[in-house]
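# Report on the structure
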Amino acid sequence: MVKQRVAQLEYSEFQSAMLDEAKRRRKAAKIIAVLEHFNGPLGGLTVGDVGCSAGFIADELAQAGAKHTLGIDIDVPGLRKAADRFGERVAFVCGDGTALPFPDGSIDVLVFNHIYEHVVDPDAVVAEMRRVLSDNGVLYLGLGNRLGVMEPHYKLPFLSYLPPALADRYVRAFGRADHYYERFRTRRGLRRMLRAFHVWDYTLPVLATPTRFAGGELFPGVLGKVVRTVLSRMPREVLRLLLPVVPTYLWVATKTPRRPAGARLPQPPERVRPL
């Protein structure tokens, strides 16, 4: 019998990574660098972080110059912590991603970073983000890949490859959890999820030029340095062959056709073909 998925309430209470301030702020630096390369500075814009939890990324967005910054989540303990620390700079809202409490076209920039695998209906959340995004707005997406070998939450190889029942047994066997909640999609599935948007892929630019994007987290350490050097010099045709198994995709999506505004990179961002 398949266990019905319900919303992950109070996520920061059982996932300590959400309270790792230094790591969350490093992620924010990468997000901001990608957004600024594509869209320019955040100054004067209304920016929202969907799935903000304890608010570290939202706080960095505010400090990067956003005129209005919103943090949205159903994680009430996380929101309380966020409001206590950053409430003067960020407006935190307890809200479901499938029913965002904002008017159509009211937000200039949205961040949706490693959230889709946790929500019950990611397609509905994506549709709702499109509704509230302005016509010239930008959506940043950090997207885990089902075919990434090492599952990022439980650090078990090939976990996300398995059907739910086997995945549940796997995490229980290693004492990581009672069941495996997350549901990842392949690159093709993610393209389908974003089919209403125009999407640019920043995954390889960030990996190949990490100092430009403050992004050494996808492949950290000495091995990561070797990987990044190889990526910066490898022909694009070869790199495209690796994309189906890259563990994380960094995409920027818009409602109307646009091109990156930033300087040319050794491995430039590329359009993601729609399905």
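For the structure itself, consult the block above.
Keep in mind it's a predicted model, so treat the numbers as computed, not measured. (Residues numbered from 1 in each chain as written. Predicted model: local features only at pLDDT ≥ 70, side-chain atom pairs only at ≥ 80, totals over all residues. Heavy atoms only, no water.)

Regarding its fold elements, the protein chain presents eleven helices and eight strands. Computed over C-alpha atoms, the radius of gyration of the protein chain comes to 18 Å, within 12% of the 19 Å expected from 2.2 N^0.38 for 275 residues, which places it in the range of a compact globule. Burial statistics for the protein chain: of 275 residues in total, 51% are counted as buried. Counting every atom, the protein chain has about 13100 Å² of accessible surface; 57% of that belongs to carbon and sulfur. (Helix = DSSP H or I, 4+ residues; strand = E, 2+ residues; numbered from the N terminus. Rg over C-alpha atoms; globule rule 2.2 N^0.38 Å. Buried < 20%, exposed > 50% of the residue type's maximum accessible area, 1.4 Å probe, protein only. Areas by Shrake-Rupley, 256 points an atom, 1.4 Å probe, with all protein chains shown as cover.)

Evaluated as defined, the whole model comprises eight aromatic pairs. Summarising the aromatic geometry, the rings of Y154 and Y180 are spaced 5.7 Å apart at their centres and angled 75° between planes, so their arrangement reads as edge-to-face. Note that Y154 is positioned in the loop between β5 (133-144) and α6 (164-173) and Y180 in the loop between α6 and α7 (187-193), a separation of 26 residues in sequence. Residue Y154 shares its accessibility class with Y180, and that shared class is buried. An aromatic cluster of at least three residues, connected via ring pairs, comprises F38, Y202 and F213. The ring of F197 has R130 sitting right over it, with the charged end atom 5.8 Å from the ring centre. Positioned over the ring face of F213 is R212, at 5.0 Å from the centre of the ring. (Phe/Tyr/Trp six-rings, centres within 6.5 Å; stacked < 30°, edge-to-face > 60°. Lys NZ or Arg CZ within 6 Å of the ring centre and 35° of its normal.)

Turning our attention to the nonpolar core. By size, the foremost hydrophobic cluster in this structure holds 44 residues, and its most contacted members are F112, M129, L139 and L194. At the level of elements, β2 (68-73), β4 (107-113), α5 (122-132), β5, α6, α7, α8 (203-208) and β7 (248-254) are the ones that each hand at least two residues to this core. Non-local contacts of F112, meaning those with residues more than four positions away in its chain, are made with V50, V125, M129, L139, Y140, L141 and G142. Judged by nonpolar contacts, the second largest core, of 24 residues, contains A28, I31, V34 and F38. (Core = buried A, V, L, I, M, F, W, Y, C linked by side-chain atoms within 4.5 Å. Contact = heavy atoms within 4.5 Å.)

Here we come to the environment of K255. The residue K255 is located in the loop between β7 and β8 (270-272) in this model. Separated by 204 residues in sequence, K255 and G51 place their C-alpha atoms 21 Å apart. Not counting residues within four places of it along the chain, the set of residues in contact with K255 comprises R130, R131, L133, S134, D135, G137, F197 and H198. A polar contact is formed between the side chain of K255 and the backbone oxygen of R130, at a distance of 3.1 Å. A polar contact is formed between the side chain of K255 and the backbone oxygen of L133, at a distance of 2.8 Å. (Polar contact = N/O pair within 3.5 Å; in protein donor to acceptor, adjacent residues only side chain to side chain.)

Let us now look at the sheet that holds β5. Sheet architecture is open: eight strands sit in the order β3-β2-β1-β4-β5-β7-β6-β8, paired in mixed fashion. At either margin of the open sheet sits one strand with a lone partner, and together these are β3 (91-94) and β8. Across this sheet, the average inter-strand angle for adjacent strands is 25°, counted without regard to direction. The sheet contact formed by β5 and β7 spans seven bridges and is antiparallel. Residue pairing for β7: G144 is matched across the bridge by T248. Along the sheet face, helix α3 (residues 56-63) touches β1 (46-50), β2, β3 and β4 and points at about 170° away from the line of β1. Of the strands in this sheet, β2 and β3 touch helix α4 (residues 76-86), which is tilted by about 165° from β3. (Pairing = 2+ DSSP bridges. Axes fitted to C-alpha atoms, helices over the stretch in contact; angles between N-to-C directions.)

Any functional reading would require information beyond the geometric quantities listed.
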